[in-house]
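Each chain, letter by letter, is given below.
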Amino acid sequence: MVVGCGGNTSDTGKGGSSKSDSAKGKQSVGIAMPTQALERWNRDGEYLKKQFEDAGYDVQLKYSDNDEGKQVTDIQNMIADDVDLLVIGAINGEALNTCMNEAADAKIPVISYDRLILNDAVSYYVSFDNYTVGKLQGEFVEKELDLANAGDKTYNMEFTAGDPADNNAGYFYQGAYDVLKKYIDAGTLKVVSGQTDFSSVATEKWQTDVALDRAQNILSSYYASGEQLDAWLCSNDSTALGVAQAIQTDYKGSNKPIITGQDGDIANLKNIVDGIQTMSVYKNVSNETIVTLELAKSILNGETIDESLTSKFDIECAYDTTSYSTSDGHNCPSFLLVPTVVTKDNLDYLVDTGLYKWDGDYLASATE
């Protein structure tokens, strides 16, 4: 088996473990998630664990507390325990080279989950189309402000992006910015702070308090006299919480700015019901785990993996061999799902996933 990604997809189209002890009994899967501090990773980790256990696999689930060194150790321990497959949501896509090389030496296939690990030992990548996540956010702002028909009207906005160590954060931001750039260039949209490059708007570890501090600084520096803020594009829900808090306490304008998000966190869904946050791009964890489980089964069964596998999912998912690379010239076969925009008007969509339920006027987790 060729474990790593490669530019030649015929070399990476074979699944299966070549470990000599693959017949030792029940196969085992090691799952490494970044943190329990963000609600979405709790959902991902526990749902993955349940799905793999229900399918008959032994499972180790590790949360690494957003500590890159701890995640390396967690993965090394699972390698030492001779797991048959690793599923990894990386804290930092560039910080796992040591343990990824050890996984390759041990012939353990690796599924890079949601965040791409930049190491050629990665076998496959399962995620949502991350560029499209940002694109949906940008298109939402475009539609809500009717920018295409703005004429001489101008609007003020700001950006808050994600963690520079998260490979996805750049895709989210670029997808949104590419939609809105023509309006910024034309002067229809004005980023009053002038902060539009990714490094200026990034948020370390997606932390709410970091986003809050920056938003408060921007509001006090550029909107202190009641200048109108029309939209604040936030790449995810944890940063949107910080921005929303700053707007509630520090914004002197009379309007409610558009605030975007991503993930469908419970606190943000409450804000959407209350009209504080405007939308969130939802990535259905159950769908992502369905794809991951079916891919894992095929890998461990030694089956050929190509576009035909998507027929097993019964959900919208594309097989992509060109969009994501683990290094220059090494494309990683990827299974990319399609995200969904949720607003106050379609929150029942989340209930229909089975992961949420109504608790009075607000949504709660259906799994608690």
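See above for the structure.
Residues numbered from 1 in each chain as written. Predicted model: local features only at pLDDT ≥ 70, side-chain atom pairs only at ≥ 80, totals over all residues. Heavy atoms only, no water.

Undergrad: Before we go on, may I ask you to explain the nonpolar core in this structure?
TA: It is characteristic of soluble globular proteins that their nonpolar side chains tend to be buried jointly. Counting residues in each nonpolar core, the largest one holds 71 residues, and the members touching the most others are Phe52, Phe159, Leu180 and Phe335. Here the element with the most residues in this core is helix α6 (residues 167–186); it accounts for nine residues. Residue contacts for Leu180: discarding those within four places in its chain leaves Gly138, Val141, Glu142, Leu147, Met157, Phe159, Leu189 and Leu233. (Core = buried A, V, L, I, M, F, W, Y, C linked by side-chain atoms within 4.5 Å. Buried < 20%, exposed > 50% of the residue type's maximum accessible area, 1.4 Å probe, protein only. Helix = DSSP H or I, 4+ residues; strand = E, 2+ residues; numbered from the N terminus. Contact = heavy atoms within 4.5 Å.)

Undergrad: Just to check I follow, could you spell out α6 for this structure?
TA: Residues spaced three or four apart along an α-helix point in a common direction, a consequence of the helix completing one turn every 3.6 residues. If you check α6, its first and last C-alpha atoms are 30 Å apart, about what 20 residues at 1.5 Å a residue would give, namely 28 Å. Along α6, the sharpest kink reaches roughly 45°, centred on Leu180. Within α6, burial applies to Asn168, Ala169, Phe172, Tyr173, Gly175, Ala176, Tyr177, Val179, Leu180, Tyr183 and Ile184. Of the residues that open α6, the one with a side-chain oxygen 2.9 Å from the backbone nitrogen of Asn168 is Asp166. Immediately downstream of α6, the backbone of Gly187 shows phi near 85°, a positive value. (Expected span 1.5 Å × (residues − 1). Bend = angle between axes of the 7 residues up to and from the residue. Polar contact = N/O pair within 3.5 Å; in protein donor to acceptor, adjacent residues only side chain to side chain.)

Undergrad: Is there a simple way to explain the pattern of salt bridges in this structure?
TA: Side-chain pairing between opposite charges can occur once the charged atoms of the two side chains come close. Applying the stated criterion to the full structure yields 16 salt bridges. Between Asp114 and Arg40 there is a salt bridge, with the nearest N and O atoms lying 3.2 Å from each other. Taken together, the residues span a long stretch of sequence, with Asp114 in the loop between β4 (110–113) and β5 (124–128) and Arg40 in helix α2 (residues 39–54) at a distance of 74 residues. Here the two residues Asp114 and Arg40 agree in accessibility, since each one is buried. Of the charged contacts, one joins Lys312 and Glu303 as a salt bridge, the two residues approaching to 3.6 Å between their closest N and O atoms. Given a relative accessible area of 45%, Lys312 falls into the partly exposed group. Residue classification places Glu303 among the partly exposed positions, given a relative accessible area of 29%. (Salt bridge = Lys/Arg side-chain N within 4 Å of Asp/Glu carboxyl O.)

Undergrad: Is there a simple way to think about the side chain of Asn236 in this case?
TA: In this fold, Asn236 is placed in the loop between β8 (231–234) and α9 (237–250). Within the local environment of Asn236, its side chain forms a polar contact with the side chain of Ser238, the two groups lying 2.8 Å apart. Residue contacts for Asn236: discarding those within four places in its chain leaves Trp206, Thr260, Gly261, Gln262 and Asp263.

Undergrad: Quick question: what am I supposed to make of the sheet that holds β8 here?
TA: Strand pairing in a sheet relies on backbone hydrogen bonds, with the paired strands running either antiparallel or parallel. The strand order across the open sheet built from four strands is β7-β6-β8-β9, with neighbouring strands paired in parallel fashion. Each edge of the open sheet carries a strand with a single partner, namely β7 (189–191) and β9 (258–259). Most of the contacts of helix α5 (residues 130–144) go to β8, to which it runs at about 170°, and overall it touches β8 and β9. (Pairing = 2+ DSSP bridges. Axes fitted to C-alpha atoms, helices over the stretch in contact; angles between N-to-C directions.)

Undergrad: Is there a simple way to explain the packing of α5 against α6 in this structure?
TA: To describe two helices that pack against each other, one gives the angle between their axes and the distance between the axes. Two elements in contact, α5 and α6, have axes whose closest approach is 7 Å; the angle formed by their N-to-C orientations is 35°. Like other packed secondary-structure pairs, α5 and α6 cross with a definite hand, here right-handed. Every residue of α6 that contacts α5 at Asn130, Tyr131, Val133, Gly134, Lys135, Gly138, Glu139, Val141 and Glu142 is listed here: Asn168, Tyr171, Phe172, Gln174, Gly175, Ala176, Asp178, Val179, Leu180, Lys182 and Tyr183. A per-class count over the contact of α5 with α6 returns nine nonpolar, six polar and five charged. (Left-handed = near helix turned anticlockwise from the far one by under 90°. Nonpolar A, V, L, I, M, F, W, Y, C, P; charged D, E, K, R; others polar.)

Undergrad: How should the environment of Ala366 be read in this particular structure?
TA: Here Ala366 lies in the segment after β17 (362–365). The sequence separation of Ala366 and Leu355 amounts to 11 residues, and the corresponding C-alpha distance is 5.0 Å. Every residue in contact with Ala366, bar those within four places of it in the chain, is listed here: Gly354, Leu355, Tyr356 and Lys357.

Undergrad: Would you explain the packing of helix α3 (residues 68–80) against helix α4 (residues 97–105) in this entry?
TA: Between α3 and α4, whose axes approach to 9 Å, the crossing angle comes to 15°. In terms of orientation, α3 and α4 fall into the roughly parallel class. For the pair α3 and α4, the sense of crossing is left-handed. Along the contact surface, α3 presents Val72, Ile75, Gln76 and Ile79, while α4 presents Thr98, Cys99, Met100, Glu102 and Ala103. In terms of residue class, the contact of α3 with α4 is made up of six nonpolar, two polar and one charged. (Parallel < 35°, antiparallel > 145°, perpendicular 65-115°, else oblique.)

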